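Close look at the chain arrangement
One-letter residues, chain by chain:
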Amino acid sequence: MSKIIKNISLLLMLVSISLTAQQTPAPIQTNDITIEGATAHLGNGEVIENSLLMFRNGKITFVGKAEMKIGRIGTIIDAKGKHVYPGFIAANSTAGLIEIDAVRATRDANETGTINPHIRSLIAYNPESKVTESLRPNGVLMAQVTPRGGIISGTSSIVQFDAWNWEDASLKIDDGIHMNWPSSISFGRWWDGEEKGPKANKSYIKTIEKVRTLMNDAKAYATGSKTPKNIPLESLQGLFDGSQTFFAHAGGEKEIIDVIAFCKEMSIDKLVIVHGTNAHKVADVLASNNIPVLLDRAHRLPSSNDEDIHFPYKHAKMLIDKGVTVGISIEGQMERMQTRNLPFYAGTYAAHGLGKEEALKLITSNTAKILGIDDIVGTLEVGKDATLFISEGDALDMRTNILTDAFIQGRKINLETHQTKLWKRYMDKYKNQ
Amino acid sequence: MKKLLLFCLIVISIKQLNAQVYFPASTGVKTSNEKFTAFTNATIHISPTQTIENGTLLIQNGKVVSSGNNISLPKNCITIDLEGKHIYSSFIDMYTNFGIQKPKKPSNPSRKPQYDASRKGYYWNDHIMPDQRGFDEFKFDSKKAKEFIDAGFGTVATHQQNGIMRGTGLVVALNTTDGNEIRIIDTDATQHISLNKSVTSRQAYPTSSMGSMALIRQVYHDAKWYRAGNSKTKDLALEALNSSSRLPIIFEANSLDNDLRADKIANEFGLNYIIKGSGNEYEAINEIKNTNASFIIPIKFQKPYDVSDPYNAARVELQDMLAWNQNPTNLAVLAKNNVNFALTTADLKSIKEFKASLLKAIKYGFDKTKALEALTTIPAKLLGKSSEIGTLNNGSYANFLITSGELFEKKTILYENWVQGNKNVLKDMSIKDIRGEYDLKVGGKTYNFTISGEIEKLKSEIKLDSTKIASNISFSNGWLNLFYTPLNKEKTEFVRLTASTNKGDNIFGGGVLTNGNNTSWSAIKKEKKDKEDKPDDKKDKKKEDKSHLVMPLTFPNVAFGFKEMPKQETTLFKNVTVWTNESEGILKNTDVLVKNGKVSKIGNNISSSGAKVIDGTGKHLTSGIIDEHSHIATTSVNEAGHNSTAEVTLEDVVDPDDVDIYRNLAGGVTTIQILHGSANPIGGRAALIKLKWGSSADELLYKNRPKFIKFALGENVKQSNWGSDNTVRFPQTRMGVEQVYMDYFQRAKEYDNLKKSGKPYRKDIEMEVLAEILNKERFITCHSYIQSEINMLMKVADKFDFNINTFTHILEGYKVADKMKEHGVGGSTFSDWWAYKYEVNDAIPYNGAIMHSQGITVAFNSDDAEMSRRLNQEAAKAVKYGGLSEEEAWKFVTLNPAKLLHIDDKVGSVKVGKDADLVLWSDNPLSIYAKAERTMIEGVTYYDTDTNERMNGEIKKERNELINMMIQEKNKGMKTVAPKKKEKVYFHCDSLENK
């Protein structure tokens, strides 16, 4: 009998493989879980060797030493020699918005038009993306899903990676509005006969002026009758009442200073600098104004031939030493599939002066703070979502980032992917030949 | 054509003073004028090295008759006394497009690419136009001629600057008086080549400079074949090339890299190119010298950047600032190294900048005699016209300059420029120089009166005590007029003075006072006060000395270049963990001795006297990383103009100055294969280099390298992602891709058979290369994704009895690993890339591990400048994905690529006798925490962390010094240009060249 059941379940598994490529979302946590013996990296800089971690109904109920004489709850996972981490968070990501870069029909990140505050990423978020699925076995369990393009690209939302639909997936809806702050330098359109290379951008002030007018209009709109409705102006209100964060995508020191002044002028309280290529040059200003930076990923090239070749690796430390709160922005070449390397960007920052626990914060507690979700995720602390994973070893190092278990809101998620299935399928083929 | 020429001559000859002897005179009596003109008492510079003091130059009918100290003047002779003045042969610019209009791009071109030639009866490529004649398009441009004449030029060579083979150019005297029958010295004097396509044709091929080089070579082969009478059809382009083969060939290089590329082609075909350079030749002067070629060097110097805004200044790169700083030394360096070169104004925005630029070069050490040679005798000789132009020898054209003193002095005035015996006055010699300081006495008052400015446009300044008084001066035909407003006048009224200046230094004249009364006045010239002048001079000198401080060259001459090339050292690594990649495995606490560039000993307690000892305690020593698939250190990646481009080679376009070489070294990489891109089923040949930073392109190339060619399959070659206009080129499907191979290999086979039969054949570079594959002399590395196409290519190879060596990328290799094993092909893949296009949907990071498990030699490659500098981390992903042992994973980026490249006899492991291409790591090299601390190639340390730190400091310091120099220049009132940063281009497989 049990054999038959086994066979049936195997058959069912095969059927499910052939029907959908994606893993079925795990059901709500009903069984309590205890993880015992692991080295717990809390995400706030603290490490507990031989730890004890328990969670119930999707929330962490206990974090402490395994030596503690306290009743274990539910299923006990022996994690001796392993490491437990809070789930990693990818900020400024387009996960679930684009499936295959080169196939236009799968691209949903970039709406037409330049002023799109009302465009909401969550609507296009595909929770069944094969690419997103492949991030989970590396510990990346959440992302800020961000629209791209234009001047004001739109409104982002934060999701977790085990869901049936975008409503289920959402952790925080419409968390912030993203603006591509113009560059004070423009590049010559050499194909039109202009000289190659950068020069002062004549439209820099104009673009800022356009956004200033927009923001002032939005404020004026709020004080009026609001009829007829103006959808874009309506969608900006969260910036002024503090319910939404203004994510300014800016790199140069001049631009960063200008953004800060602009936000003060507009009474926008929550400002985050995204990219921050030269943020270290104005780190004191950022720190004293309490403005965090979502720094570009460490695996990038120096921005000029003269730059210290290791600068991209050292950048996070330079800012943190000055007291700036830093997270990692995932935007860049092949960013969706590269998101599974998020732990290794942190690892590289760790290797170049930051240290492992401080680097871990870049993709856990710091990012949670920056995105305003630190009340629910980002650290292994009692009361927070049990969104966490167990790794064979140091999760910031690719040799040892090997996940045995992962949980999102206490739900044990399946770590198989389209890719692991193909791996097994072809290994089986050769075994059986 | 000849008829048209004749017609032109007839029309122009109507203006002629000296009608040609066999021409009838229909509008008057027939006249001729056989007068002589003698220039006496002058310092005559017959040539740059031959001078006659106080001599006479005699000319007649536009030519020099004789010169010397004891010339007896004939009777019908006009004499011009040039006492104190100098005569020089006028300048020649042999690289211009004078009188020839730039062709325009066709308006509204189709968006669909054009693959075939538009011209019929000519070569198969529109950009090959050796039949083009500058003379056919030439129209004498009097306005431009005047600009040249004003700068001292008498003769120019000119041609149509369009296309790769550009046809012939003509030599013309800048004679604004006579017609073409006199001034055109030679209708077809030069032939011209460049790497740049014609703007008038949209034919796609070539899209890269390596394609242009291959095309030039093929044209030469075809011309030879055509000359031998082998062609059954007419080709007017090849005929023209063959008929102009005796003419000097001028190659427009316009960059240092292209200088050397031109020379490479010239050597291959036993030709002597005259290379039109860039002005950066000083950066690789030894290589330039070794070309033994003659050059035409532009005299254009970069203006300082406007760096007053620190934000903008940060955008200027050190290499660009160095170029500004060092560029003016180019001519001096070339001259000191005895490179034979002529000067050209070609790259100047305006010919007016010529004098200032030349004086600047002289200030930076360019010898004046060499300068004169580069403007006269050398271009004359290069044009084969030494007996007609370039000197004032008897029989030469009377093309000469009359100057106030030695040429190339700032003060020297160019009075007259005679072209073919016709006078052009630039500054009137008879105008008296009345500039100076005077005591002006008018109406009982004495004023300080200064005359300054240009001789034709004087300025006046009148002061009473120290108060300046408004004044105005004019001076013509020896008469001076001066107005001024005396002080304390309520109304604006003038004192009006006039005087003739022909009597001595002092000026006496008459005038009218403000009250209308006549007066007489005098201006007595003051003695020069030496004491006052001197401090001024000193001040100037001080400033100048600082402003042309030249920064030393580095190798290469960019940021992180070496001041001195590092040398091979005997080095002993002590007590280190050695990843041997050999049967010994990973050895702990081991010593490794490096001697003569090789690994000499591995063991314990090794000692070696004189060796540099490096403590390896806690550190790891490995062989250098090898990247099978790279696109750094090259200026081209794809030749996308054809679907098969075996004729191009990346070895032609290696870029030794790419900072990514250094960045790769810092990531422990020592050898890379620079591959052609993936635009075509049959790509170009690869360049295998060692990252010997600071060496020349030739020195970078791996010694005794195996031959490789890049092939490609899939979306890129069928142009799937190139937009809807690119649907013309074959193939557009994977089905077509197979047929491309079948077609080319079949033809290569037939070609090779014909060649081997000893019968005459048309040498075809592309077929030669493909035949090498058939003859197992060249390996294929093929960009590949989908299992179907991988399988297909192996079957094509089977049919033609050769093996595919490597599948690169090979993302679905895991699906056909058994077939690959059977074929004997290796796989060089990405560790974890996928999802960027449709064909990588099934790409999995376990690919490497699966292929490895089936016994395939597997490597991880980069295809990316960012990834390539941390391939150690990528190797670690083979541990993560698929569970390889660390030792085996490490081989993915060292020994295995060495095997795939057939260089594992020299590199790829730490073994006695192998090249000492070693990396010392701070940690387990697979760990994310590992940093390369020292990277050595053949015993030479090209990277180490200490030197790197020092360089960071030096770059900062040098930048600061240069920015200060630029600010100084700016404050002196020099023109500046907006900051510029070259946008660095990072290449991938599908990169096209921006031309």
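Given the structure is predicted, the values throughout are model-derived calculations rather than measurements.

1. Focus: the overall build of chain A
A count of helices and strands for chain A gives 14 helices and 20 strands. In summary, chain A has a C-alpha radius of gyration of 23 Å against a globular reference of 22 Å for 433 residues, a match within 12%. With respect to the principal axes defined by its C-alpha atoms, chain A has extents near 75 × 50 × 45 Å. The buried share of chain A, reckoned over its 433 residues, is 50%.

2. Some remarks on the packing of helix α10 (residues 318-326) of chain B against helix α26 (residues 945-971) of chain B
Residues and elements named next belong to chain B. Their axes nearest at 10 Å, the elements α10 and α26 cross at an angle of 45 degrees. Taken as axis vectors, α10 and α26 run oblique relative to one another. Crossing of α10 against α26: the hand is left-handed. Facing α10, whose interface residues are Leu-318, Met-321 and Asn-325, α26 presents Ile-955, Glu-958, Arg-959, Leu-962 and Met-965. Its residues assigned to classes, the contact of α10 with α26 comprises 5 nonpolar, 1 polar and 2 charged.

3. Looking at the environment of Asp-905 of chain B
Mapped onto the elements, Asp-905 of chain B comes out in the loop between α25 (895-900) and β39 (918-921). It is 30 Å that separates the C-alpha atoms of Asp-905 of chain B and Val-796 of chain B, two residues lying 109 residues apart in sequence.

4. Overview of unusual backbone geometry
Omega for the peptide link from Tyr-205 of chain B to Pro-206 of chain B comes to -5 degrees, which places this bond in the cis form. Structurally, Pro-206 of chain B is set in the loop between β9 (184-194) and α5 (209-227). The residue after Phe-730 of chain B, namely Pro-731 of chain B, is reached through a cis peptide bond having omega 5 degrees. Assignment of secondary structure puts Pro-731 of chain B in the loop between β34 (708-712) and α18 (734-757). Although it is not a glycine, Lys-226 of chain A sits at a positive phi angle of roughly 60 degrees.

5. A closer look at the pairing of strand β21 (residues 479-484) of chain B
Residues and elements named next belong to chain B. On β21, burial follows the alternation: Leu-480, Leu-482 and Tyr-484 on one face are buried, whereas Trp-479, Asn-481 and Phe-483 on the facing-out side are not. Both strand β20 (residues 471-476) and β21 contribute to a ladder of 6 bridges, which runs antiparallel. Paired with Phe-475 across the bridge in β21 is Leu-480.

6. What to know about the interface of chain B and chain A
Note: interface size is frequently given as the accessible area lost on complex formation between the parts. Tallying the contact residues gives 50 residues for chain B and 41 residues for chain A. Element by element, the count of residues in the side of chain B that touches chain A is highest for helix α23 (residues 871-880) of chain B, at 5 residues.

7. Examining the domain arrangement of chain B
Under the domain assignment, chain B is made up of domain 1 (1-33), domain 2 (436-531) and domain 3 (625-907). For domain 2 of chain B versus domain 3 of chain B, the separation of C-alpha centres amounts to 83 Å.

8. Examining the packing of α18 of chain B against helix α20 (residues 787-799) of chain B
All names here are of chain B. The N-to-C vectors of α18 and α20 enclose an angle of 15 degrees; their axes lie 11 Å apart at closest approach. Relative to α20, the element α18 is oriented roughly parallel. For the pair α18 and α20, the sense of crossing is right-handed. In contact with Arg-734, Val-737, Glu-738, Tyr-741, Met-742 and Phe-745 of α18, α20 contributes Ser-788, Glu-789, Met-792 and Val-796.

9. Re the environment of Val-140 of chain A
All names here are of chain A. In this fold, Val-140 is placed in strand β9 (residues 140-145). Using a count of 26 C-beta atoms within 10 Å as the deciding quantity, one classes Val-140 as buried. Separated by 52 residues in sequence, Val-140 and Phe-88 place their C-alpha atoms 4.5 Å apart. Among residues more than four places away in sequence, those in contact with Val-140 are Phe-88, Ala-90, Leu-135, Thr-339, Arg-340 and Leu-342.

10. Some thoughts on the confidence of the model for chain A
On average, residues of chain A score 93 in pLDDT, and 92% of them are at 70 or above. Scored below 50 in pLDDT, residues 7-20 of chain A makes 1 contact in the model with residues more than four places away or belonging to other chains.

11. Looking at the sheet that holds strand β1 (residues 33-36) of chain A
Residues and elements named next belong to chain A. Strand order in the open sheet formed by 4 strands is β5-β4-β1-β6, and the pairing between neighbours is mixed. With one partner strand each, in any of the chains shown, β5 (59-65) and β6 (75-78) form the two edges of the open sheet. Across this sheet, the average inter-strand angle for adjacent strands is 15 degrees, counted without regard to direction. Bridging between strand β4 (residues 51-56) and β5 involves 6 bridges; their strand directions are antiparallel. From the neighbouring strand, Phe-55 faces β5, where its bridge partner is Ile-60.

12. Things to note about the domain arrangement of chain A
Residues and elements named next belong to chain A. Splitting chain A by domain gives domain 1 (20-87 + 380-433) and domain 2 (88-377). No other element matches strand β19 (residues 403-408), which puts 3 residues into the side of domain 1 that touches domain 2. Of the residues that constitute the side of domain 1 that touches domain 2, the class distribution is 15 nonpolar, 14 polar and 4 charged.

13. As for the sheet that holds strand β20 (residues 411-412) of chain A
Residue and element names in this part refer to chain A. Within the open sheet, the 6 strands sit side by side as β3-β2-β7-β18-β19-β20. Their pairing is mixed. On the outer flanks of this sheet lie β3 (47-48) and β20, each paired with one strand and no other. Strand direction decides the pairing type here: β19 and β20, joined by 2 bridges, are antiparallel. In the strand pairing of β20, Phe-407 is matched with Lys-412.

Rules of the game
- Residues numbered from 1 in each chain as written.
- Chains lettered and ligands numbered in written order.
- Predicted model: local features only at pLDDT ≥ 70, side-chain atom pairs only at ≥ 80, totals over all residues.
- Helix = DSSP H or I, 4+ residues; strand = E, 2+ residues; numbered from the N terminus.
- Rg over C-alpha atoms; globule rule 2.2 N^0.38 Å.
- Buried ≥ 20, exposed ≤ 12 C-beta atoms within 10 Å, placed from the backbone.
- Axes fitted to C-alpha atoms, helices over the stretch in contact; angles between N-to-C directions.
- Parallel < 35°, antiparallel > 145°, perpendicular 65-115°, else oblique.
- Left-handed = near helix turned anticlockwise from the far one by under 90°.
- Contact = placed C-beta atoms within 7 Å.
- Nonpolar A, V, L, I, M, F, W, Y, C, P; charged D, E, K, R; others polar.
- Pairing = 2+ DSSP bridges.
- Domains from an automatic or database assignment.
- pLDDT = per-residue confidence, 0-100.

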